[in-house]
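Per-entry structural report
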Amino acid sequence: MLNIQHLTKTYGDKKAVDDLSLHIAPGEIYGFIGHNGAGKTTTIKACCGILQFDSGEILIDGLSIRQKPLQCKAKIAYIPDNPDLYEFMTGIRYLNFIADIFGVSAADRRERIRRYADLFELTPSLAQPVSAYSHGMKQKLAIISAWLHSPQLIIMDEPFVGLDPKASHLLKEMMREVCRQGGAIFFSTHVLEVAEKLCDKVAIIKSGRLIRSGTMEEVRGDASLEEVFLELEDGNAGRAD
Amino acid sequence: MLGALIKKQMLEAFASFTKGSKQGKTRSPGAAIGIGLLLLFAYASLAFCFAMLAFSLCTPLASAGLGWLYFALMGSFATLFGVIGSVFTTYNALYVAKDNELLLSMPIPPACLLFSRMVGLYLMTLLFEAIVMVPACVVYWIFVPAGPAAVIFALLTVPVLPLLALSISCILGWLLALIAPYVKHKSIVTALLSVVFLVLYYIVAFRMNDLMQSLIANSEAIGGQFRTVLFLFYQMGLGAEGGVLGFLLFVLMTAGVFAIVYAVLSANFVKLATNRRGGPRAVYREKRTEARPQGRALLGKELSRFWGSSVYLLNSGMGSLFLIVGAVAALVKAGWISENITAFLAQSGLADMLPLLLCAVVCMVVSMNIVTAPSVSLEGSGIWLLQSLPVHPWKVLCAKLELHLLITLPPALLCTVVLLAVLRVGVLGAVLSVLTVCLFVLFCAAFGLVMNLLFPNLKWNSEAVAVKQGMSVMLAMFGGWGLVLLLGLGGYLWCLILPAAGYLAVCVAALGLGGGLLLFALHGWGSRRFAGL
């Protein structure tokens, strides 16, 4: 579903991402962890076609994000770390705008907005302007808009930040549901307990380089993910398959 | 702490002039000099207008021994100009700045934060008032012998007077902040209030000759009013003529007013800056919706932003209002316009130039609409949305162009057609005029967008920064005016030797070609640039 091959991105002299390769298959929830400034957001933005990269290739369902950006973007949904949405729109207007861009039919969008907005208890607030929303409400709106067009791949940057426990639980259920239906999830997080419980595979990035990846069992072995992560962060870079 | 806060304010205010792109690269010296020259040109043009006003008032009043009234009147104009120019910026900068809550969460006394914001506002108000007061002083010194005390006090009046306008703007901004949470359609109400301000201003400007005559004829009576009702300006006038007591009283009163306003605002700043209460919140009721194609959805988004932001609406779309008012005025005064303009051009031997003159007037007003110039900057930190959605950047740019055309073209055409009918322009001239205006609107739209793609400012705390302070906005506005002047001058020279209709045909071809080239650039380079911002 998502194939990152030898991705390299530099900002001036600094290599933000250095020869990173990852493969996320359909049905997988793939966690992406690393310290602040490790290159997670840069990688994610490159996967979404927001950021141009220096070398390497990113394929989404076999299509190059460089050569076929619109086709790729039509297959994915992206939720950034900070939900800067259109504050001059009401919640419902924003959702309809996103649905229009993705070409979601009136009947489908009505059904999906009703379902997800009810789940996140956002329905009554949809008539209010986004500027009046709290951070958590904006995050919920971003999640609903991401699920509106039934994407095959959902890419999220710190999706649990700002969500209340119930909404976090709901999001995890929705992520699993996407995978059950053959989709894939690629998301970054600092909450290692969530990654450990939720992810099928995990990748650890440090200073732009992939230092370990694989199934959860392969990465953590007998230790906890936190222990492995801290050990790797201390400088003992291990294998990356 | 105060120094750091003031530095932050200055950095924010001048960021779009000194920093180039999203990456925050510093502009080249050439670009900085260009911006400086453009600013100087704008400033000098306005100062010249006020110098003319000062010139018409100075001699009659000074020769009647009412020099103080001259300064009092100019001081009143300067204060009015300063208030009109700064009231909405004051509201945005003091009460609804995005970083208010962040800064209030820090160990910064609210009074200190308020003061740092007021320093920036004071400088802005000073710039506005100096446009009036500096020419007023210079004109006075040219025509009336002034002693050293008069010169010193008059010069000192210039930096003191803005404190009064700033105090008034702060109070008006405070009132806005108090009522804003309870107003449903904020942008429309703000726009209406601004239009009322502007209408008052233009009524005064249009009737300036009558007012001048009336002022000079009734100077004694008006002077009496100033002595009692506008006591502060009376003392200011006395001070500017060299009166020590008058000057000291003026400084004391102005500083006193400012100190009171500052003290009251300091005591209430936290409450005002964090006032988020409102009326009952709207509850969503599901309605029938229709799927729209991408282009319409993007245009709808642009329209929502335009109508939802009073700052955007007022600063970028005011030309449309003037075009409609112009069309109505032309209809009402059809006989007068037809008779006088036709006669004037006939007397000057420039009857052929009528369609060209008409186009120049309409295009000058059209160039006041700078809808596309801040449109990319307004995406701000939310630009990731359009970049991550499956929509070609060209479509996004097209929606921005369409918004400009939608806001500008209908009133421009209305005004053109009405003027063509009133002035009874022939068919060929009328067709060429309509084409010229249409292509000029298109050119301005494309030019503004190119400017904003070249000079985007995606990092702002207040929309006003993107809409009012961007270099792209300034370049688009001056570019439009410059083009009109160029076309007008070219037309005048052309008409000395060749028929005017030929020149309009050249204009149509040139604007068509120029607009086409800009659109071509936007389709290729512009799309890539937008995607990479």
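Sequence order as written defines residue numbering, which begins from 1 separately in each chain. Chain A is the first chain written and ligand 1 is the first ligand written, with later ones labelled in order. It should be noted that, the model being predicted, local features are given only for residues of pLDDT at least 70 and side-chain atom pairs only at 80 or more, the latter also being counted only at that level, while totals for whole chains, interfaces and linings use all residues. Values shown for side chains rest on all heavy atoms present in the structure; no hydrogens or waters enter the calculation.

1. Observations regarding the overall build of chain B
Where helices and strands are cited, they refer to DSSP runs of H or I of at least four residues and of E of at least two residues respectively, numbered from the N terminus. Broken down by element type, chain B carries 22 helices and zero strands. Only C-alpha atoms enter the radius of gyration; for comparison, a globular chain is expected to reach 2.2 Å times N to the power 0.38, where N is the number of residues. Computed over C-alpha atoms, the radius of gyration of chain B comes to 25 Å, within 12% of the 24 Å expected from 2.2 N^0.38 for 533 residues, which places it in the range of a compact globule. Seen along its three principal axes, the alpha-carbon backbone of chain B occupies a region of about 65 × 65 × 50 Å. A 1.4 Å probe rolled over the protein chains alone gives each residue an accessible area, and that area as a share of the maximum for its type sets the label: buried under 20%, exposed over 50%, partly exposed in between. Relative to its full complement of 533 residues, chain B shows a buried share of 49%.

2. Let's talk about the nonpolar core
Residues belong to a common nonpolar core when they are buried Ala, Val, Leu, Ile, Met, Phe, Trp, Tyr or Cys residues joined through side-chain atoms within 4.5 Å. In terms of nonpolar packing, the biggest core is built from 161 residues, with L22(A), F97(A), L126(A), W147(A), M175(A) and F186(A) touching the most fellow members. Here the element with the most residues in this core is helix α19 (residues 427–454) of chain B; it accounts for 13 residues. Ignoring any residue separated from it by four or fewer positions in sequence, one finds M175(A) in contact with I29(A), W147(A), M156(A), F160(A), I185(A), F187(A) and L198(A). M74(B), A78(B), V160(B) and M236(B) belong to the second-largest nonpolar core, a separate cluster that totals 45 residues. Here a residue-residue contact requires only that any non-hydrogen atoms of the pair lie within 4.5 Å.

3. Comments concerning the interface of chain B and chain A
Counting residues at the interface gives 28 residues for chain B and 34 residues for chain A. Contact between chain B and chain A buries roughly 3000 Å² in total, counting both sides, with carbon and sulfur atoms accounting for 62%. Buried area, as used here, totals the accessible surface that two parts lose on assembly, with accessibility defined by a 1.4 Å probe and the loss added over both. Broken down residue by residue, the surface that chain B buries against chain A is led by Y284(B), W384(B) and P390(B), which jointly contribute 24%. Counted as salt bridges are all cases of a side-chain nitrogen of Lys or Arg within 4 Å of a carboxyl oxygen of Asp or Glu. At the junction of chain B and chain A, the tally comes to two salt bridges. Measuring nitrogen to oxygen at the nearest pair gives 2.8 Å for the salt bridge that ties R292(B) to D100(A). By the criterion applied in these results, polar contacts are pairs of N or O atoms within 3.5 Å in which, for protein atoms, one can donate a hydrogen and the other can accept it, and in which residues neighboring in sequence qualify only through two side-chain atoms. Along the contact surface separating chain B from chain A lie eight residue pairs in polar contact (both at pLDDT 80 or more). Of all the secondary-structure elements, those providing two or more residues to the side of chain B that touches chain A are α13 (294–308) and α17 (383–388) of chain B. The dominant element in the side of chain B that touches chain A, judged by the number of residues it contributes, is α13(B), at six residues. Under the grouping applied here, Gly and all other residues not named as nonpolar or charged are polar, the nonpolar ones being Ala, Val, Leu, Ile, Met, Phe, Trp, Tyr, Cys and Pro and the charged ones Asp, Glu, Lys and Arg. Within the side of chain B that touches chain A, the residues separate by chemical class into 13 nonpolar, eight polar and seven charged.

4. Quick word on the domain arrangement of chain B
Residue and element names in this part refer to chain B. What the domain assignment reports for chain B is domain 1 (2–7 + 28–273) and domain 2 (294–532). Residue-level contacts link 18 residues of domain 1 with 19 residues of domain 2. Here domain 1 and domain 2 share an interface that buries about 1600 Å² over both sides, 75% of which is from carbon and sulfur atoms. At the junction of domain 1 and domain 2, the tally comes to zero salt bridges. Counting across the interface, domain 1 meets domain 2 through zero residue pairs in polar contact (both at pLDDT 80 or more). Mapped onto the side of domain 1 that touches domain 2, the elements with two or more residues apiece are α2 (29–63), α3 (67–95) and α8 (186–206). Looking at the side of domain 1 that touches domain 2 element by element, the count peaks at eight residues for α8. For the side of domain 1 that touches domain 2, the residue count by class is eleven nonpolar, five polar and two charged. Residue ranges assigned to the domains are those given by an automatic or database domain assignment.

5. A closer look at the pattern of salt bridges
All names here are of chain A. This model, assessed by the stated rule, comprises 20 salt bridges over all chains. The partner of R109 in a salt bridge is D100, and the shortest N-O contact between them spans 2.7 Å. Residue classification places D100 among the buried positions, given a relative accessible area of 2%. The salt bridge involving R115 is made with E111; its shortest N-O contact spans 3.2 Å. Of the two residues, R115 and E111 are both situated in helix α4 (residues 106–119); the distance of four residues between them amounts to about one turn of the helix. Judged by relative accessible area, E111 falls into the partly exposed class, the value being 37%.

6. Observations regarding the side chain of Q294(B)
Structurally, Q294(B) can be placed in helix α13. A relative accessible area of 15% places Q294(B) in the buried class. A distance of 2.9 Å separates the side chain of Q294(B) from the backbone oxygen of P390(B), its partner in a polar contact. Apart from residues no more than four positions distant in its own chain, Q294(B) is found in contact with D100(A), I101(A), P390(B), V391(B) and K395(B).

7. Some thoughts on the packing of helix α6 (residues 148–160) of chain B against helix α12 (residues 244–273) of chain B
Residue and element names in this part refer to chain B. Here the axes come from fitting lines to C-alpha atoms, over the contacting stretch only for helices, and the angles between their N-to-C directions go from 0 to 180 degrees. Orientation of α6 relative to α12, taken along the N-to-C sense of each, is 5 degrees, at an axis distance of 11 Å. The angle between the axes of α6 and α12 places the two elements in the roughly parallel class. Contact residues: F153, L156, T157 and V160 in α6; V244, F247, F250, V251 and T254 in α12. Considering only residue class, the contact of α6 with α12 consists of seven nonpolar, two polar and no charged. Should an angle fall under 35 degrees it is called roughly parallel, over 145 degrees roughly antiparallel, and 65 to 115 degrees roughly perpendicular, with every other angle called oblique.

8. Things to note about a nonpolar patch on the surface
On the surface, a nonpolar cluster with roughly 640 Å² of combined accessible area is contributed by L489(B), Y492(B), L493(B), L496(B), I497(B) and L498(B). Tracing the backbone shows I497(B) in helix α21 (residues 471–497). Nonpolar side chains (Val, Leu, Ile, Met, Phe, Trp, Tyr) are joined into patches within 5 Å and like charges within 9 Å, using only residues with over 30% relative accessible area and no salt bridge. For accessible areas, the Shrake-Rupley method is used with a probe of radius 1.4 Å. Any residue's cover is judged against the shown protein chains and nothing else.

9. Let's talk about the state of the cysteines
The criterion for a disulfide is a pair of cysteine sulfur atoms lying within 2.5 Å. Scanning the entire structure with this criterion turns up zero disulfides over all chains. You can see C112(B) has no disulfide; the closest cysteine sulfur is in C170(B), sitting 16 Å from it.

10. A short note on the pairing of strand β1 (residues 2–11) of chain A
Residue and element names in this part refer to chain A. Pairs of strands are assigned from DSSP output, requiring at least two bridges between the strands. Relative to strand β2 (residues 14–24), β1 runs antiparallel, the two sharing seven bridges. Directly across from I4, in β2, lies its bridge partner L22. Taking the residues that link successive antiparallel strands as the turn, the β1-β2 hairpin has two residues, and the phi of G12 there is positive, at about 65 degrees. Note that β1 and strand β4 (residues 55–60) share five bridges and pair antiparallel.

11. Things to note about the sheet that holds β2(A)
All names here are of chain A. Ordered in space as β2-β1-β4-β5, the four strands form an open sheet in which the pairing is antiparallel. The outermost strands of the open sheet, each flanked by one partner alone, are β2 and β5 (63–64). Judged from the two bridges that link them, β4 and β5 form a sheet pairing that is antiparallel. The residue bridging I60 from the neighbouring strand is L63, located in β5. Contacts from helix α1 (residues 40–47) reach β1, β2 and β4 within the one sheet, and its direction differs from that of β1 by about 120 degrees.

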